[in-house]
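Residue-level listing of the chains:
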Amino acid sequence: MLRAMECRELLGNLMDYLDGEAEAALCAEIERHLAACPDCRVIVDTTRKTITLYRAYAPPVIPEDVRRRLYRVLNLEDFIA
Amino acid sequence: MGTRHNLSNPTASKGITDNVEDEAVLLSRLQAGDRAAFAYLVELHSPHVYRVALKLLGDEQEAEEVLQETFLRAFEKIGQFEGRARLGTWLYRIATNLALMRLRKRQLPTVPLDEPLSGEDGEEMPRELLDWSQLPEEELLSAEARAEMDAAIAALPETLRSVFVLRDIEGLSTQETADVLGLSVPAVKSRLLRARLALRERLSEYFAERVRQVDHA
């Protein structure tokens, strides 16, 4: 369980930091904190990994049978490649 | 045909980030009832629409129904589309609304919206602090892990799930996500933080156990 106020502040800024949208000064402050706080380091690393995993797991394409039925419903079968 | 659109090869385009000029050409052809333009729109955006519906609903059959309804509705309403939003954003909005309507029929909301991140008791603060991010890929993307990921996303309230799916899985910007959902940018950021931390917590509980098993092996 996190206790220090500083850690709560980090969580509040976590979105901008993870998305690369935090300003340079804030980034530097967060990174100083992360270097000294292993718990926050874990939170940042595992949150980033969580996002990466969901992205990696998302189906990249539509299944062919679903695609064919869609074209049929839309009366566009003659355009199926 | 005097257009820069390559209707025979939609995969050459970049999807939602498609060039604005090209989009104006496409829109005028759609509004003129050009079937090839409709086919192009479907080819370009159907994978995105399907994925959003699937991730929001967690059910292939329902996702397919939402996919079909989205394009049927888009074709019906294209004459009223004024081009203020991107076509992709508009399709995401139709699909998300259709999927959320289905979710609302299924269940009552369980968590109040936009509460502060943590209460006095730090209820939403991270609890599991074991680092599992270095586990090997085969552990992280095993069938069991993917089932856990599905369960974790299904357990999110729909308000958080929709933000996470659009922003993190689909890769829309914060502003685009706000446009699709009709939210402010701060509301998107607040919900995204809660969604990410909730998913992180649930996956951490699962993967931390795997780390402990590996350590004891």
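Quick notes on the rules
Residues numbered from 1 in each chain as written. Chains lettered and ligands numbered in written order. Predicted model: local features only at pLDDT ≥ 70, side-chain atom pairs only at ≥ 80, totals over all residues. Heavy atoms only, no water. Helix = DSSP H or I, 4+ residues; strand = E, 2+ residues; numbered from the N terminus. Areas by Shrake-Rupley, 256 points an atom, 1.4 Å probe, with all protein chains shown as cover. Phe/Tyr/Trp six-rings, centres within 6.5 Å; stacked < 30°, edge-to-face > 60°. Buried < 20%, exposed > 50% of the residue type's maximum accessible area, 1.4 Å probe, protein only. Lys NZ or Arg CZ within 6 Å of the ring centre and 35° of its normal. Contact = heavy atoms within 4.5 Å. Salt bridge = Lys/Arg side-chain N within 4 Å of Asp/Glu carboxyl O. Polar contact = N/O pair within 3.5 Å; in protein donor to acceptor, adjacent residues only side chain to side chain. pLDDT = per-residue confidence, 0-100. 1 Å grid on protein atoms, 1.4 Å probe; cavity = no way out; pocket = protein on both sides within 12 Å on 5 of 7 lines; lining within 4 Å. Points joined across faces, edges and corners; volume = space filled by probe spheres on them. Nonpolar A, V, L, I, M, F, W, Y, C, P; charged D, E, K, R; others polar. Domains from an automatic or database assignment. Expected span 1.5 Å × (residues − 1). Axes fitted to C-alpha atoms, helices over the stretch in contact; angles between N-to-C directions. Parallel < 35°, antiparallel > 145°, perpendicular 65-115°, else oblique. Left-handed = near helix turned anticlockwise from the far one by under 90°.

## Some points on the overall build of chain A
Here comes step 1: Along its length, chain A carries 4 helices and 0 strands.
Here comes step 2: Scanning chain A from its N terminus toward the C terminus, one meets helices and strands in the order α-α-α-α.
Here comes step 3: Total accessible area computed for chain A in this model is approximately 4,500 Å², and 51% of it derives from carbon and sulfur atoms.

## A word on the packing of aromatic side chains
Here comes step 1: One pass over the full model with this rule turns up 6 aromatic pairs over all chains.
Here comes step 2: Relative to Phe164(B), the ring of Tyr54(A) lies with its centre 5.2 Å away and its plane at 80°, an arrangement referred to as edge-to-face. You can see Tyr54(A) sitting in helix 3 (residues 38–57) and its partner Phe164(B) sitting in helix 7 (residues 158–169), one on each of two chains.
Here comes step 3: By relative accessible area, which is 0% here, Phe164(B) ends up buried.
Here comes step 4: Through pairs of rings, three or more aromatic residues link up here, namely Phe38(B), Phe71(B) and Phe75(B).
Here comes step 5: Sitting over the ring of Tyr57(A), Lys55(B) keeps its end group 4.1 Å from the ring centre.

## As for the environment of Val214(B)
Residue and element names in this part refer to chain B.
Here comes step 1: One can find Val214 in helix 9 (residues 185–216).
Here comes step 2: In this structure Val214 comes out as partly exposed when scored by relative accessible area, which is 43%.
Here comes step 3: For the pair formed by Val214 and Leu135, sequence separation is 79 residues and the distance between their alpha carbons is 9.3 Å.
Here comes step 4: Ignoring anything within four residues of it in the chain, the contact list for Val214 reads Leu135 and Glu139.

## Section: the interface of chain A and chain B
Here comes step 1: With 40 residues of chain A in contact, the opposing surface of chain B contributes 53 residues.
Here comes step 2: Applying the counting rule to chain A against chain B returns 10 salt bridges.
Here comes step 3: With a closest N to O distance of 3.8 Å, Glu137(B) and Lys49(A) form a salt bridge.
Here comes step 4: At the boundary of chain A and chain B, one finds 12 residue pairs in polar contact (both at pLDDT 80 or more).

## Digging into helix 7 of chain B
Here comes step 1: With 12 of 12 residues buried, helix 7 of chain B lies mostly within the body of the structure.
Here comes step 2: Of the positions making up helix 7 of chain B, those classed as buried are Glu158(B), Thr159(B), Leu160(B), Arg161(B), Ser162(B), Val163(B), Phe164(B), Val165(B), Leu166(B), Arg167(B), Asp168(B) and Ile169(B).
Here comes step 3: Against the buried residues of helix 7 of chain B lie helix 3 of chain A together with helix 2 (35–57), helix 4 (87–106), helix 6 (143–155), helix 8 (174–181) and helix 9 of chain B.

## Let's talk about the confidence of the model for chain A
Here comes step 1: When pLDDT is averaged across chain A, the result is 89; 94% of the residues are at 70 or more.
Here comes step 2: Put simply, helix 1 (residues 5–18) of chain A is where chain A has its lowest mean pLDDT, 83, and helix 4 (residues 64–73) of chain A is where it has its highest, 97.

## Topic: the layout of surface pockets
All names here are of chain B.
Here comes step 1: For the second largest pocket, the calculated volume is near 330 Å³.
Here comes step 2: Along the walls of the second largest pocket sit 20 residues, with Leu54, Lys55, Gly58, Asp59 and Asp150 positioned nearest its centre.
Here comes step 3: Those elements that place two or more of their residues in the lining of the second largest pocket are helix 2, helix 4 and helix 6.
Here comes step 4: Ranked by residue count, the leading element in the lining of the second largest pocket is helix 2, at 5 residues.
Here comes step 5: Tallied by class, residues from the lining of the second largest pocket come to 12 nonpolar, 2 polar and 6 charged.
Here comes step 6: Summarising the domain contributions, the lining of the second largest pocket has at least three residues from each of domain 1 (10–106) and domain 2 (137–216).

## A closer look at helix 3 (residues 60–77) of chain B
Here comes step 1: Here helix 3 of chain B is 18 residues long and its end C-alpha atoms lie 26 Å apart, about the 26 Å a rise of 1.5 Å per residue gives.
Here comes step 2: Those residues of helix 3 of chain B that fall on the buried side of the exposure criterion are Glu62(B), Ala63(B), Glu64(B), Val66(B), Leu67(B), Gln68(B), Thr70(B), Phe71(B), Ala74(B) and Phe75(B).
Here comes step 3: The inward-facing, buried residues of helix 3 of chain B abut helix 4 of chain A together with helix 2 and helix 4 of chain B.

## Examining unusual backbone geometry
Of all residues except glycine, most have a negative phi; of all peptide bonds, most are trans.
Here comes step 1: The phi torsion at Asn75(A) lies on the positive side, around 60°, for a residue other than glycine.
Here comes step 2: Relative to the helices and strands, Asn75(A) resides in the segment after helix 4.

## Digging into the packing of helix 6 of chain B against helix 9 of chain B
Two numbers describe a pair of packed helices, the interaxial angle and the distance between the axes.
All names here are of chain B.
Here comes step 1: At a minimum axis distance of 9 Å, the contact between helix 6 and helix 9 shows a crossing angle of 155°. Here helix 6 lies roughly antiparallel to helix 9, going by the angle between them. In terms of crossing hand, the pair formed by helix 6 and helix 9 is right-handed. Seen from helix 6, the contacting residues are Glu144, Ala145, Glu148, Met149, Ala151, Ala152, Ile153 and Ala155; seen from helix 9, they are Leu199, Arg202, Leu203, Tyr206, Phe207 and Arg210.
Here comes step 2: Along the lines of polarity and charge, the residues of the contact of helix 6 with helix 9 split into 10 nonpolar, no polar and 4 charged.

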